[in-house]
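The lines below spell out each chain.
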Number of protein chains: 2
Amino acid sequence: MREFKRKTRVLLVDDNNDHVKGIKELILLETGYDVIGSASSANSAVNFVKKYNPDLVVMDINLPEKDGLQAIQEINRLGLETKFLVLSGYDDPDLIYRAMKVGAKGYILKTMSSAQLVHGMEEVLNGKVYLPAVLTSKFFDYFQQSFREESAANDEENLLSYLTSREEEVLGLLTKGNNYKGIANQLFISETTVKTHVNNIFQKLQVNDRTQAVLYALNNGFGKKIKAKMSA
Amino acid sequence: MREFKRKTRVLLVDDNNDHVKGIKELILLETGYDVIGSASSANSAVNFVKKYNPDLVVMDINLPEKDGLQAIQEINRLGLETKFLVLSGYDDPDLIYRAMKVGAKGYILKTMSSAQLVHGMEEVLNGKVYLPAVLTSKFFDYFQQSFREESAANDEENLLSYLTSREEEVLGLLTKGNNYKGIANQLFISETTVKTHVNNIFQKLQVNDRTQAVLYALNNGFGKKIKAKMSA
DNA sequence: GATATTCTCAATCTATAGATTTAGTACATG
DNA sequence: CATGTACTAAATCTATAGATTGAGAATATC
């Protein structure tokens, strides 16, 4: 049986033409890869993928106008098998987190070696996630921090705990976008009573209007429950 | 200056006594480690940490009654510097995800080599996250899946995309709880102009008031966009 | 150079939100 | 049974939100 492997079709996305050239040359040194195009904006990247369905997109995420993460998200919604390897100049935990969140399969820095880039491409194409150890640590710093803050916010002094059950009920309807009349109808009480409750809620949450009350509620775990699962 | 490095104090948590013995012997083969105790339940692990404040906890998460993840969470709330390396028999993406979520710094399988265990311990103690490539992939499978489901619901036609950049700016301030006056002051425009923008926002988002607009924004990914940074 | 969009603002009007005071009922607790 | 709290409600008032119309300036598009 003859060895006949279709070349991997790659799209490069970067708004800097020199970068595109450099990376392209680098990739073409490897057998098995074809750079079938390049794009310098998120929109053109999306259009290119729609037309030519590359196997892999190597992309910078710092693009003019719309950023690369949005492009990844849009393309992923198309339901294709496109893999994304982010090639970024930044190692912010926040950026890494958001890239992985929207569905990137790998993230490497422009300062990393070309061997690492090629290795990352291979891993990603094999269905794995490629995130160098340094970046993995940064990702988890951010990931775990977000949960620490969440549980810290729930602790401390949560003003929501001072609400009576009726007030909680009213606040719940506020967070659904109801006005006084809507709440009154749903709770079978008068509009003035609702106003009284809402005013008391404002006092307790130390806010001035319903929008702030709703924001306080959402930011402080109102309505959130811990889903406890049994472990194996 | 004399080389004098304090030994790393390790707590082992596993409900199987044979496992504890085996791991303990393994660790003690390494210089620099002291196994200062072992626990066979989540509660006794928590109590042990409170009393003896180990540097590292190597733990199985499959424990009777309360599971190891809860123990990690409880201990992390104490505000100590305790590092956790999960040593599990299972490689479920869900388990890995939850372990990392509650603050584990590493996760390795019992089937992995002792060299890998020791390496993981070192990495974790150095403040890094240790997650073997196979498990990293599993973690991200789960992680990304959870967002795919979320964005599938939010997607379809996102009305936020019809907003002009100025309207986005105004909506951003609305989601901070500002009233007309506050927005006008911050954008250096008149209050009536703000009202015009807000009205246009309502039209485009098909809502009736600011609370609904804010809720729509928050539920449809507003603000989850990249804060554009200058590229190198 | 005509057209469309965006951003700006005023003026005016109505509707709703929010503040405040007072008060009746119910219920629990000491 | 006196006291405190939660829930209900009315009345009244002010402040803010929101709808609508019209219009000038800037910029981009064709």
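In this section: the protein's contact with DNA strand D. As a structural note, the neighbourhood of DNA strand D is formed by 17 residues, with Thr164, Arg166, Ser190 and His197 of chain A together with Asn199 of chain B the closest of them. The sugar-phosphate portion of DNA strand D accounts for 69% of its atoms within 4 Å of the protein, the bases making up the rest. Separating a phosphate oxygen of DNA strand D from a side-chain N or O atom of Arg166 of chain A is a distance of 2.5 Å. At 2.7 Å from a phosphate oxygen of DNA strand D is found a side-chain nitrogen or oxygen belonging to Arg210 of chain B. At the level of secondary structure, the elements contributing two or more residues to the surface near DNA strand D comprise helix H7 (165-174) and helix H9 (191-205) of chain A together with helix H9 (191-205) of chain B. Grouping the amino acids of the surface near DNA strand D by side-chain chemistry returns 3 nonpolar, 10 polar and 4 charged.

A word on the sheet that holds strand E2 (residues 33-39) of chain A. Residues and elements named next belong to chain A. Pairing is parallel across the open sheet formed by 5 strands, whose spatial order is E2-E1-E3-E4-E5. Two strands bound the open sheet, and with one partner strand each, they are E2 and strand E5 (106-109). Taking the axes of each pair of neighbouring strands and ignoring which way they run, one obtains an average angle of 20 degrees across the sheet. Judged from the 4 bridges that link them, strand E4 (residues 83-88) and E5 form a sheet pairing that is parallel. By the bridge assignment, Val86 is partnered in E5 with Tyr107.

This part is about the packing of helix H8 (residues 180-187) of chain B against H9 of chain B. Residues and elements named next belong to chain B. Between H8 and H9, the shortest axis-to-axis distance is 8 Å and the interhelical angle comes to 110 degrees. When the interaxial angle is binned, H8 and H9 end up roughly perpendicular. In this structure, H8 contributes Tyr180, Lys181, Ile183 and Ala184 to the contact, and H9 contributes Glu191, Val194, Lys195 and Val198. Each residue belonging to the contact of H8 with H9 can be placed in one class, and the counts come to 5 nonpolar, no polar and 3 charged.

Around DNA strand C, the structure places 17 residues, and the nearest of them are Asn199 and Arg210 of chain A together with Thr164, Arg166 and Ser190 of chain B. When the atoms of DNA strand C within 4 Å of the protein are grouped by moiety, sugar and phosphate amount to 68% of the total. Between DNA strand C and the protein, one listed contact pairs a phosphate oxygen with a side-chain N or O atom of Thr192 of chain B at 3.5 Å. Between DNA strand C and Thr196 of chain B there is a distance of 3.4 Å, counted from a base nitrogen to a side-chain nitrogen or oxygen.

Residue and element names in this part refer to chain A. Positive phi outside glycine occurs at Asn53, with the angle close to 45 degrees. Although it is not a glycine, Phe188 adopts a positive phi angle of roughly 55 degrees. Judged by its relative accessible area of 77%, Phe188 falls in the exposed class.

Glancing now at the packing of aromatic side chains. Overall, the coordinates contain 22 aromatic pairs over all chains when judged by the stated rule. Between Phe143 of chain A and Phe139 of chain B, the aromatic rings sit 5.4 Å apart at their centres with planes inclined by 90 degrees, giving edge-to-face as the arrangement. Of this pair, Phe143 of chain A sits in helix H6 (residues 133-154) while Phe139 of chain B is found in helix H6 (residues 133-154), placing the two residues in two different chains. Taken together, Tyr97, Phe139, Phe140, Tyr142, Phe143 and Phe147 of chain A together with Tyr97, Phe139, Phe140, Tyr142, Phe143 and Phe147 of chain B form an aromatic cluster joined through their ring pairs. The aromatic ring of Tyr180 of chain B is capped on one face by Arg210 of chain B, whose charged end is 4.6 Å from the ring centroid.

All names here are of chain B. Within the open sheet, the 5 strands sit side by side as E2-E1-E3-E4-E5. Their pairing is parallel. Strands with a single pairing partner mark the edges of an open sheet, and in this sheet they are strand E2 (33-39) and strand E5 (106-109). Taking each pair of neighbouring strands and ignoring which way they run, the sheet shows an average axis angle of 20 degrees. This element, helix H3 (residues 68-76), spans strand E3 (56-59) and strand E4 (83-88) of the sheet and lies at about 180 degrees to E4.

Further remarks concern the interface of chain B and chain A. How large an interface is tends to be reported as the accessible area lost when its parts come together. Of the residues lining the interface, 45 residues belong to chain B; the matching set on chain A comes to 42 residues. Around 3,800 Å² of area is buried between chain B and chain A when both sides are counted, 55% of it from carbon and sulfur atoms. Seen at the junction of chain B and chain A, the total is 0 salt bridges. Within the residue set of the side of chain B that touches chain A, elements represented by two or more residues are helix H4 (93-102), H6 and helix H10 (210-219) of chain B. Residue contributions to the side of chain B that touches chain A peak at 9 residues, all from H6 of chain B. Looking at the side of chain B that touches chain A residue by residue, the classes come out as 19 nonpolar, 11 polar and 15 charged.

Rules used throughout
Residues numbered from 1 in each chain as written. Chains lettered and ligands numbered in written order. Predicted model: local features only at pLDDT ≥ 70, side-chain atom pairs only at ≥ 80, totals over all residues. Heavy atoms only, no water. Near = heavy atom within 4 Å. Polar contact = N/O pair within 3.5 Å; in protein donor to acceptor, adjacent residues only side chain to side chain. Helix = DSSP H or I, 4+ residues; strand = E, 2+ residues; numbered from the N terminus. Nonpolar A, V, L, I, M, F, W, Y, C, P; charged D, E, K, R; others polar. Pairing = 2+ DSSP bridges. Axes fitted to C-alpha atoms, helices over the stretch in contact; angles between N-to-C directions. Parallel < 35°, antiparallel > 145°, perpendicular 65-115°, else oblique. Contact = heavy atoms within 4.5 Å. Buried < 20%, exposed > 50% of the residue type's maximum accessible area, 1.4 Å probe, protein only. Phe/Tyr/Trp six-rings, centres within 6.5 Å; stacked < 30°, edge-to-face > 60°. Lys NZ or Arg CZ within 6 Å of the ring centre and 35° of its normal. Buried area = accessible area lost by both parts, 1.4 Å probe. Salt bridge = Lys/Arg side-chain N within 4 Å of Asp/Glu carboxyl O.

On their own, these measurements won't tell you what the molecule is for.
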